[in-house]
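# Fold and contact review
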Amino acid sequence: MPLQSGAEPFRHEGGETAVLLCHGFTGSPQSLRPWAGHLAERGLTVSLPLLPGHGTRWQDLGVTGWQDWYAEVDRELRLLRDRCARVFVAGLSMGGALALRLAARHGDAVSGVMVVNPANKVHGVAAHALPVLRHLVPATKGIASDIAKPVTRELGYDRVPLHAAHSLRNFFRLVDRELPQVTQPLLLMRSPQDHVVPPADSARILSRVSSVDVTEVLLEQSYHVATLDYDAELIFREGAAFIGRLAPGAVSEPGHGNEGTTAGG
């Protein structure tokens, strides 16, 4: 199936410090494209891949699982490590869980973790019925575009395939067990008004990681897809400051340093 316009992956060849960005479940790189551009303008190497099953139609997502999504970002991390001296991982929602697993699995190969409204659990009574329900009902209503800012829309599916949701539930359980292996500096940014991921998910993550260097930032004016919402600039500033503190000299002002080359949507 052809890609939806705006769902294309993004890559930018910059300096020796890289950032790998992971988008969310049923979403696409569009939700993180402004953040990726902000980082690229500041001289960083940036990779924002399209996860398998995303960016086309919801039926395509239904034949993929967490192993496919994680394999894509794991491959990107390895490519960045071959190219760059330092790699930071970041993610929105499920992308936050992907980033945390990369940190848990790759240890010192990851210099720091930045997550926005990270998901840790599939909530609700229906979650417990997924093992059976997925064989009876192909999909349920979508979760995309929870944004406070008028007019702004997230490019995501309007349906959630239940086979994929069941795989996501299993993935969250796996990541939760691995959270104590996360030791890297962590920047966690969350929206108190989030209609997709409850505050309990961020609290759970903060209570289980082994990171000593932890920063929590509240996104008071935004809903779930905060990277496209009123607090987007705050996310960009906090992220750049986080990287700059841990990798001095890596972040430059726009128009200075290595601007590199860009490919993708």
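A quick note: this is a predicted structure, and the numbers were derived from the prediction, not measured.

### Re the nonpolar core
- If you look at the biggest cluster of nonpolar residues, it comprises 45 residues, and the most contacted ones within it are Phe25, Trp69, Leu100 and Val113.
- Those elements giving two or more residues to this core turn out to be strand E2 (17-22), helix H3 (66-83), strand E4 (86-92), helix H4 (94-106), strand E5 (112-116), helix H6 (162-178) and strand E8 (186-190).
- Core analysis: the second largest hydrophobic core is formed by 32 residues, Val19, Phe236, Ala247 and Ala250 among them.

### Focus: the packing of H3 against H6
- Relative to each other, H3 and H6 sit at 60°, their axes nearing to 9 Å. Taken together, H3 and H6 sit at an angle that is classed as oblique. On H6, the residues that touch Trp66, Gln67 and Trp69 of H3 are Ala164, Ser167, Leu168, Phe171 and Leu174.
- Each residue belonging to the contact of H3 with H6 can be placed in one class, and the counts come to six nonpolar, two polar and no charged.

### A short note on unusual backbone geometry
- Look at Thr26: it is not a glycine, yet its phi comes out positive at around 70°.
- Looking at the element boundaries, Thr26 is found in the loop between E2 and helix H1 (33-41).
- Residue Thr26 is classed as buried on the basis of its relative accessible area, which comes to 1%.
- For Ser145, which is not a glycine, the phi torsion comes out positive at approximately 70°.
- A relative accessible area of 12% means that Ser145 is categorised as buried.

### Some remarks on the state of the cysteines
- In the structure shown here, the tally under the stated rule is zero disulfides.
- Note on Cys22: no disulfide assigned, nearest cysteine sulfur contributed by Cys84 at a separation of 15 Å.
- Its relative accessible area of 0% is what places Cys22 among the buried residues.

### With respect to the confidence of the model for the chain
- Residue-level pLDDT values for the chain average 92, and 91% of them are 70 or greater.
- Within the model, pLDDT remains below 50 along residues 257-262, and this stretch shows 16 contacts once partners closer than five positions in the same chain are excluded.

### Here's the deal with helix H7 (residues 199-208)
- Of the positions making up H7, those classed as buried are Asp201, Ser202 and Ile205. Considered in projection along H7, the buried side chains sweep an arc of 95° and stay on one side of the axis.
- Summarising the contacts, the buried residues of H7 are in contact with H4 and E8.

### Comments concerning the pairing of E5
- Buried residues dominate E5, accounting for five of its five residues.
- Of the two faces of E5, the one carrying Gly112, Met114 and Val116 and the one carrying Val113 and Val115 are both buried.
- Inspection of the sheet shows E4 paired to E5 by five bridges, in the parallel sense. Paired with Phe88 across the bridge in E5 is Gly112.
- Considered for its hand, the β-α-β crossover made up of E4, H4 and E5 is right-handed.

### Looking at the side chain of Asn120
- Its location among the elements puts Asn120 in the loop between E5 and helix H5 (125-133).
- In this structure the side chain of Asn120 is engaged in a polar contact, spanning 3.4 Å, whose partner is the side chain of Asp176.
- Setting aside residues no more than four positions away along its own chain, Asn120 makes contact with Phe172, Asp176, Leu179, Asp201, Arg204 and Ile205.

### So, the packing of aromatic side chains
- Counting across every chain of the model gives four aromatic pairs.
- Look at Trp66 and Phe171: their rings are 5.4 Å apart centre to centre, the planes differ by 25°, and that puts the pair in the stacked class. In this pair, Trp66 is assigned in helix H3 and Phe171 in helix H6, connecting sequence segments 105 residues apart. By the burial criterion, Trp66 is buried, and Phe171 matches it.
- Centre to centre, the rings of Phe171 and Phe172 are 6.5 Å apart; their planes meet at 40°, and the pair counts as tilted. Each member of the pair, Phe171 as well as Phe172, carries the same accessibility label: buried.
- By the ring-pair criterion, three or more aromatic residues cluster together here, those being Trp66, Phe171 and Phe172.
- Seen from the ring of Tyr70, Arg101 lies directly overhead, with NZ or CZ sitting 4.6 Å from the centre.

Conventions used here
Residues numbered from 1 in each chain as written. Predicted model: local features only at pLDDT ≥ 70, side-chain atom pairs only at ≥ 80, totals over all residues. Heavy atoms only, no water. Core = buried A, V, L, I, M, F, W, Y, C linked by side-chain atoms within 4.5 Å. Buried < 20%, exposed > 50% of the residue type's maximum accessible area, 1.4 Å probe, protein only. Helix = DSSP H or I, 4+ residues; strand = E, 2+ residues; numbered from the N terminus. Axes fitted to C-alpha atoms, helices over the stretch in contact; angles between N-to-C directions. Parallel < 35°, antiparallel > 145°, perpendicular 65-115°, else oblique. Contact = heavy atoms within 4.5 Å. Nonpolar A, V, L, I, M, F, W, Y, C, P; charged D, E, K, R; others polar. Disulfide = S-S within 2.5 Å. pLDDT = per-residue confidence, 0-100. Arc of directions from axis to C-beta. Pairing = 2+ DSSP bridges. Right-handed = clockwise from strand over helix to strand, strands pointing away. Polar contact = N/O pair within 3.5 Å; in protein donor to acceptor, adjacent residues only side chain to side chain. Phe/Tyr/Trp six-rings, centres within 6.5 Å; stacked < 30°, edge-to-face > 60°. Lys NZ or Arg CZ within 6 Å of the ring centre and 35° of its normal.

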